[in-house]
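Structural overview for review
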Amino acid sequence: MARSPITLQQLVYFLAAVEHGSLSAAAEAHFIAQPSLSEQIRRLERALGVTLFTRTNRKLLLTEAARMLVPYAERAIAAADEAVTAVDPVRNMTGGSVSFGTFSVAHDLINADLITEFRGLYPGISVRIEELNSVQIANAVRAGDVEAGVVALPVDDRGLEISPVIWRSEACYYTNCSDRVATPISIEKVAAACLILPEARWGDMDPTRLQLNARAQGVGVVIRPQIEVESCAVALELARRGVGDTICSAAVADRLGADRGLFCAPLDPPLIEQYGFIWRRNATLSPAAAALVSLIQGLLEAIPGPSAPV
């Protein structure tokens, strides 16, 4: 039959009994009732399969097994104390490192401010921010490559916890021709346009494209971009040059100066991009990651321009 595991608490009580010479004195030193301490000693004896003390009317006498156990118990408790000390910098946020994923256009919105603020508050912590498509962030969090992330929703939630929506931004239609945006843009007009879309690598898996394609399927049309690039900045510049029209988060377009040479209109109905935090299921965020979450939420909510906070 398998033996019960030995606990550090049992070893602490064992050493207290050795030090004080009686179970009552050991219990008093640890502010617990003697029966509770005695039960832990009995469980330790059962787990080890030996007797540790011979009880007399005057004091406890150590058995040979107890004398052999003492140095090992002392080393185990010392190692546990060292383990606690070793993680002090992480717990106190004076050292260690943190890795976090941010959606691909976050570098245009928040990342410089995020890192500046974080390092100002916690200069001893190394920080790695990976700017990825939301699909990539979800995969990276699942794989343990980053601790957590902020993503455009929806994403595949297998193995992940997802926070409620923390921020919203409206995606709008951008063109260099004012006549094309005299009225809100229907999905049929989007399907008929010479369309430039970002997130080329992830294509139809991108959360914004998922919304566009769902709308298109609902009315029997298909979205086929004529040009695909990776960044919104490039897509907007191509639209400015008249190569085609694009759809981009209004908050990002505003930050990138889309008012220079471009005209925009909302989609009909409005297309709202939603953002949330993700982390591994059943995991607890480190203090540093939790601090990043708080900073990111504050930065997103403070973004000026045509965005839609929760």
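Read on for a plain summary of the structure. The model shown is predicted, which means the values in this text are computed figures rather than measured ones.

Okay, the overall build of the protein chain next. The number of helices and strands found in the protein chain is 13 helices and 13 strands. In terms of C-alpha radius of gyration, the protein chain reaches 30 Å, well past the compact-globule figure of 19 Å for 310 residues. Its C-alpha atoms give the protein chain principal-axis dimensions of roughly 100 × 45 × 30 Å. Per-residue burial over the protein chain gives 43% buried out of 310 residues.

With five of its five residues buried, strand E11 (residues 245-249) lies for the most part within the structure. Alignment of strand E7 (residues 167-175) against E11, held across four bridges, turns out to be antiparallel. Following the sheet pairing, Tyr 174 is matched in E11 by Thr 246. Alignment of strand E9 (residues 195-197) against E11, held across two bridges, turns out to be parallel. In the sheet register, Ile 196 faces E11, and the bridge partner there is Thr 246.

Empty space among the atoms becomes visible once a probe the size of a water molecule is rolled across them. Taken as a whole, the largest pocket spans an internal volume of roughly 160 Å³. Taken together, 13 residues make up the lining of the largest pocket; nearest its centre are Ser 104, Leu 132, Asn 133, Glu 199 and Glu 230. Among the residues forming the lining of the largest pocket, the class breakdown is four nonpolar, five polar and four charged.

Another aspect to go through is the nonpolar core. One finds Phe 100, Leu 109 and Leu 300 to be the most contacted residues of the largest nonpolar core, which totals 41 residues. With nine residues, helix H13 (residues 287-301) is the largest single contributor of residues to this core. Those residues in contact with Leu 300, other than ones at most four positions away along the chain, are Phe 103, Ile 110, Val 150, Ile 166 and Trp 167.

The next point concerns the environment of Leu 299. Structurally, Leu 299 can be placed in helix H13. Remark: the alpha-carbon pair of Leu 299 and Asn 111, spanning 188 residues in sequence, is separated by 9.2 Å. When neighbours within four sequence positions are excluded, Leu 299 is seen to be in contact with Ile 110, Asp 113, Leu 114 and Glu 117.

Residue Pro 154 is bonded to the preceding Leu 153 through a cis peptide linkage, with omega at 5°. Here Pro 154 lies in the loop between strand E5 (148-153) and strand E6 (160-162). Cis peptide bonds are those with omega within 30 degrees of zero, and the linkage from Asp 268 to Pro 269 qualifies with 0°. Along the polypeptide, Pro 269 turns up in strand E12 (residues 263-280). Positive phi outside glycine occurs at Phe 31, with the angle close to 60°.

It is worth spelling out empty space enclosed by the protein at this point. Taken as a whole, this structure holds one cavity of 30 Å³ or more when the rule is applied. In this model, the largest cavity occupies a volume close to 250 Å³. Surrounding the largest cavity, 19 residues form its lining, Glu 199, Asp 206, Thr 208, Cys 232 and Glu 273 being those nearest its centre. Only helix H10 (207-219), E11 and E12 provide two or more residues apiece to the lining of the largest cavity. Its residues assigned to classes, the lining of the largest cavity comprises ten nonpolar, five polar and four charged.

The next thing to look at is the side chain of Asn 133. Within the fold, Asn 133 resides in the loop between strand E4 (126-132) and helix H8 (134-143). Residue classification places Asn 133 among the buried positions, given a relative accessible area of 2%. A polar atom in the side chain of Asn 133 sits 3.0 Å from the side chain of Glu 199. Of the polar contacts made by the side chain of Asn 133, one reaches the side chain of Asp 206; its length is 3.1 Å. Residues in contact with Asn 133, not counting those within four places in the same chain, are Ser 104, Glu 199, Trp 202 and Asp 206.

Calculation rules
Residues numbered from 1 in each chain as written. Predicted model: local features only at pLDDT ≥ 70, side-chain atom pairs only at ≥ 80, totals over all residues. Heavy atoms only, no water. Helix = DSSP H or I, 4+ residues; strand = E, 2+ residues; numbered from the N terminus. Rg over C-alpha atoms; globule rule 2.2 N^0.38 Å. Buried < 20%, exposed > 50% of the residue type's maximum accessible area, 1.4 Å probe, protein only. Pairing = 2+ DSSP bridges. 1 Å grid on protein atoms, 1.4 Å probe; cavity = no way out; pocket = protein on both sides within 12 Å on 5 of 7 lines; lining within 4 Å. Points joined across faces, edges and corners; volume = space filled by probe spheres on them. Nonpolar A, V, L, I, M, F, W, Y, C, P; charged D, E, K, R; others polar. Core = buried A, V, L, I, M, F, W, Y, C linked by side-chain atoms within 4.5 Å. Contact = heavy atoms within 4.5 Å. Polar contact = N/O pair within 3.5 Å; in protein donor to acceptor, adjacent residues only side chain to side chain.

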